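Report on the structure
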Amino acid sequence: MAQGMLQRWTTPRVALDKTSVRLLTFASFALPILVWCLVSYVPHIWHPKVEITDPGGVSYFREGTLVDRAVFEIELEKKLKADPDAPAETLPQGVPANPVYLPAPHEVVTAFYTAFTTPPKRSNEPWLHESLWHSIQIIAWGFFWAMFFGIPLGVMAGTYAAASQLIEPFTEFFRYLPAPAFGALAVAILGIYDAPKIAIIFIGTFFQMVLIVAATTRKLNIALVEASLTLGCKGARMIRRVILPGILPDLYRDMRILLGWAWTYLIVAELIGTSSGITWFITQQARYKNFDNVFAAILIIGLIGLITDMILARLGKRLFPWHTGK
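Residues numbered from 1 in each chain as written. Predicted model: local features only at pLDDT ≥ 70, side-chain atom pairs only at ≥ 80, totals over all residues. Heavy atoms only, no water.

**Some words on the environment of I151**
The cut-off we apply is this: Runs of E in the DSSP output that reach at least two residues are strands. Runs of H or I that reach at least four are helices, and both are numbered from the N terminus. A simple rule labels every residue: compare its accessible area, found with a 1.4 Å probe on the protein chains alone, to the largest value its type can have, and call it buried under 20%, exposed over 50%, or partly exposed in between. We call two residues contacting when some pair of their heavy atoms lies within 4.5 Å.
Inspection of the secondary structure assignment puts I151 in helix α5 (residues 128-159). What makes I151 buried here is its relative accessible area of 18%. Considered as a pair, I151 and M255 are 104 residues apart in the sequence and their alpha carbons are 9.5 Å apart. Apart from residues no more than four positions distant in its own chain, I151 is found in contact with A146, M209, V213, L251 and M255.

Right under this line is the structure:
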């Protein structure tokens, strides 16, 4: 059985059975977590720091602090040279440890809970759930306006050659310009609050969206377009009755992919103007050296994106059952 499963895995373009899908999906998450656990819990793999358990008379050592292993060994050697017969309990003591920026998995799991239950250090600062909700609104508005303008332009460019020549050359040029580069300009025009952040999400997705939607529109079977023209269906009516229904399943898939791109611009967008949202929480926790909270917040972003995509994928199967072959 194992040999047959391995053969299916190594054969190009062969559909996997349900057991293989579940096993490989589990492994895709389990393997990185396993590496993280090995690095965190096995001392001989990578522990470049030493956590001081007993300063042993060294003036700048404090119990619980982290020092480089080389520094610890130098101080230990100095102590032994000064007094070769010194008892072990008078020497500096420590245990192997990783840097503060690499918390162990159990610390991050704990932070998932404490980050939501621990009040902010200042009374005027938002809680984590409030920061998350603010970030979700930024994403939603930026992506909404990108779809509002990008989908119609993309459909037009994919349907009419004249519209393609008018829209796509400039769009091709503009999509190579990094969205964060417009941060200062967005603040100057739109102010320091949420508008420039929404603008960065818009810029980061709109121009890509136009080109992707245009390419998806061109994939529609030309016979459908020719048949509609033969039957007298032209212009806006053809787009509404033939083009859009024909590309809708692929268009839905494109929006799912582009929504993931929008999330990648979130951190940069929220650094523009006033600090806000989940980015503010991450930068604050990094400033306080609470890197377990930093990891937890980053993983929360990933989980929100993954869960959203899974929900949209399941919804797509219900909306377009003919497209999935069911």
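**Concerning helix α8 (residues 194-218)**
We count it as follows: The span you would expect from a helix comes to 1.5 Å times its residue count less one.
Under the 1.5 Å per step criterion, the end-to-end length of α8 is 36 Å for 25 residues, consistent within 8% with the ideal 36 Å. Within α8, 19 of the 25 residues are buried, leaving the element largely enclosed by the surrounding structure.

**What about the nonpolar core?**
The line we're drawing: Among buried residues, those of type Ala, Val, Leu, Ile, Met, Phe, Trp, Tyr and Cys that are joined through side-chain atoms within 4.5 Å constitute a nonpolar core.
Of all hydrophobic cores here, the largest spans 51 residues; its most connected members are M209, M255 and I278. Counting residues per element, the ones that place at least two in this core are α5, α6 (161-174), α8, α10 (235-264), α11 (266-270), α12 (277-287) and α13 (291-319). Of all the elements, α10 adds the most residues to this core, at 11 residues. Other than its neighbours up to four places away in sequence, M209 contacts F143, A146, M147, G150, I151, M255 and L258.

**Here we look at the domain arrangement of the protein chain**
Much of the literature gives interface size as the accessible area that the parts lose upon coming together. Note the threshold: Where a domain begins and ends is set by an automatic assignment or by a domain database.
Considered domain by domain, the protein chain is made up of domain 1 (2-42), domain 2 (49-97) and domain 3 (116-319). Distance from the C-alpha centre of domain 2 to the C-alpha centre of domain 3: 53 Å.

**Notes on the packing of helix α9 (residues 222-230) against α10**
Which entries qualify depends on this criterion: Note on method: axes are straight lines fitted to C-alpha atoms, helices fitted across the in-contact stretch only, with angles between N-to-C directions ranging 0 to 180 degrees. Handedness of a helix crossing follows the sense of rotation of the near helix relative to the far helix, less than a right angle counterclockwise being left-handed and clockwise being right-handed. Residue type decides the class: Asp, Glu, Lys and Arg count as charged, Ala, Val, Leu, Ile, Met, Phe, Trp, Tyr, Cys and Pro as nonpolar, and the leftover types, Gly among them, as polar.
With their axes 10 Å apart at the nearest point, α9 and α10 run at an angle of 145 degrees to one another. Here α9 and α10 pass one another in a crossing that is right-handed. Contacts between α9 and α10 involve L224, V225, S228 and L229 from the former and M238, V242 and I243 from the latter. Among the residues forming the contact of α9 with α10, the class breakdown is six nonpolar, one polar and no charged.

**Thoughts on the pairing of strand β1 (residues 49-54)**
Working note: regular strand, side chains alternate between the two faces of the sheet. Rules: Two strands qualify as a pair provided DSSP detects at least 2 bridges between them.
In the sheet, β1 pairs with strand β2 (residues 66-68) via three bridges, with the strands oriented antiparallel. The residue of β2 that forms the bridge with V50 is V67. In the sheet, β1 pairs with strand β3 (residues 93-97) via five bridges, with the strands oriented antiparallel. Bridge pairing in β3 links E51 to V95.

**What to know about unusual backbone geometry**
Non-glycine residue K289 carries a positive phi angle of around 60 degrees. Secondary-structure assignment places K289 in the loop between α12 and α13. According to the relative accessible area criterion, K289 is exposed, its value standing at 58%.

**Looking at a nonpolar patch on the surface**
Worth spelling out the cut-off: Residues enter patches when their relative accessible area tops 30% and they take part in no salt bridge; the joining distance is 9 Å for like charges and 5 Å for the nonpolar side chains Val, Leu, Ile, Met, Phe, Trp and Tyr. Reported accessibility uses the Shrake-Rupley method at a 1.4 Å probe radius. Residues are deemed covered only where the shown protein chains occlude them. Each reported salt bridge corresponds to a side-chain nitrogen of Lys or Arg within 4 Å of a carboxyl oxygen of Asp or Glu.
Together, L31, L34, L38, Y41, V42, I45, W46, L66, V100 and Y101 line one region of the surface with nonpolar side chains, adding up to about 890 Å² of accessible area. Considering every element that reaches the nonpolar patch, the biggest residue donor is helix α2 (residues 18-41), with four residues. By secondary structure assignment, the location of V42 is in the loop between α2 and β1. Given a relative accessible area of 30%, V42 falls into the partly exposed group.

**Describing the sheet that holds β1**
Across a sheet, strands are paired by hydrogen bonds formed along the backbone, either parallel or antiparallel in direction. One open sheet holds the three strands; their spatial order is β2-β1-β3, and the pairing between them is antiparallel. At either end of the open sheet lies a strand with only one pairing partner, and these are β2 and β3. When the angles between neighbouring strand axes are averaged without regard to direction, this sheet yields 40 degrees. Contacts from helix α3 (residues 69-82) reach β1, β2 and β3, with the element oriented near 85 degrees to β2.

**Some points on the packing of aromatic side chains**
Selection criterion: Pairing of aromatic rings covers Phe, Tyr and Trp, the last counted by its six-membered ring, and requires centre-to-centre distances within 6.5 Å; plane angles under 30 degrees mean stacked, over 60 mean edge-to-face, and any other angle means tilted.
Scanning the model with the defined rule gives 17 aromatic pairs in all. Between F61 and F72 the ring centres are 6.2 Å apart and the planes differ by 10 degrees, which places this aromatic pair in the stacked class. Taken together, the residues F61 in the loop between β1 and β2 and F72 in helix α3 connect sequence positions 11 residues apart. Take F61 and F72: they sit in the same class, and that class is buried. Note on Y252 and F320: the rings are 5.5 Å apart at their centroids and 65 degrees apart in plane angle, and the pair reads as edge-to-face. Linking Y252 in helix α10 with F320 in the segment after α13, this pair joins segments that are 68 residues apart in sequence. This pair shows no difference in class: Y252 is buried, exactly as F320 is. Grouped by ring-pair contacts, the aromatic residues W141, F144, W145, F148, F149, F170, F173, F174, F182, F202, F206 and F207 constitute a single cluster.

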